[in-house]
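Summary of the model geometry
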Amino acid sequence: MKAKTVKSPADEEGFYYACKLDEIPENEAGFCVSVNKRKIALFKIRKEKTRVYALSDRCAHQATSISSGDLEDLEGNTRIKCPGHGIEYSLETGLPKQEVAFKQKIFQVKKKNEDEVWVKL
């Protein structure tokens, strides 16, 4: 998947503009955006309310792009399944379901103006 490229200055809290909220598919594969040359996988999950999660798009195991992986819900914890080797990472913590020593890098996310997604690199 080709990433949308964004060059953005940081705001006063160190967050960078990534995309508009409606660019991210809801409850499906992620959206890959390259923010200042760092590839980020964004996931929009709607349960009681809509939340956006941001993880490095490079799998911590073998650097496969995870934005095209399958989402899975395990006891209320939504995970992304890496399409390369099937490792499932928590969107909230980056921790894998499997007993492996790889943790996926996660980024803080905030919304501005109701429709802009910003990430802290």
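Residues numbered from 1 in each chain as written. Predicted model: local features only at pLDDT ≥ 70, side-chain atom pairs only at ≥ 80, totals over all residues. Heavy atoms only, no water.

Moving on, we come to the layout of surface pockets. Here the largest pocket is characterised by a volume of approximately 210 Å³. Along its surface, the largest pocket is lined by 13 residues, and Arg51, Val52, Tyr53, Phe107 and Val109 are the ones closest to its centre. Elements with a contribution of two residues or more to the lining of the largest pocket: β5 (50-56) and β9 (106-112). If one sorts the elements of the lining of the largest pocket by residue count, β9 sits on top with six residues. In terms of residue class, the lining of the largest pocket is made up of seven nonpolar, two polar and four charged. (1 Å grid on protein atoms, 1.4 Å probe; cavity = no way out; pocket = protein on both sides within 12 Å on 5 of 7 lines; lining within 4 Å. Points joined across faces, edges and corners; volume = space filled by probe spheres on them. Helix = DSSP H or I, 4+ residues; strand = E, 2+ residues; numbered from the N terminus. Nonpolar A, V, L, I, M, F, W, Y, C, P; charged D, E, K, R; others polar.)

Tracing the backbone shows Thr78 in strand β7 (residues 77-81). A relative accessible area of 11% places Thr78 in the buried class. Within the structure, Thr78 has its side chain in polar contact with the side chain of Lys47 (distance 3.1 Å). Once residues within four sequence positions are removed from consideration, Thr78 is found in contact with Ile45, Lys47, Leu71, Glu72, Asp73, Tyr89, Ser90 and Leu91. (Buried < 20%, exposed > 50% of the residue type's maximum accessible area, 1.4 Å probe, protein only. Polar contact = N/O pair within 3.5 Å; in protein donor to acceptor, adjacent residues only side chain to side chain. Contact = heavy atoms within 4.5 Å.)

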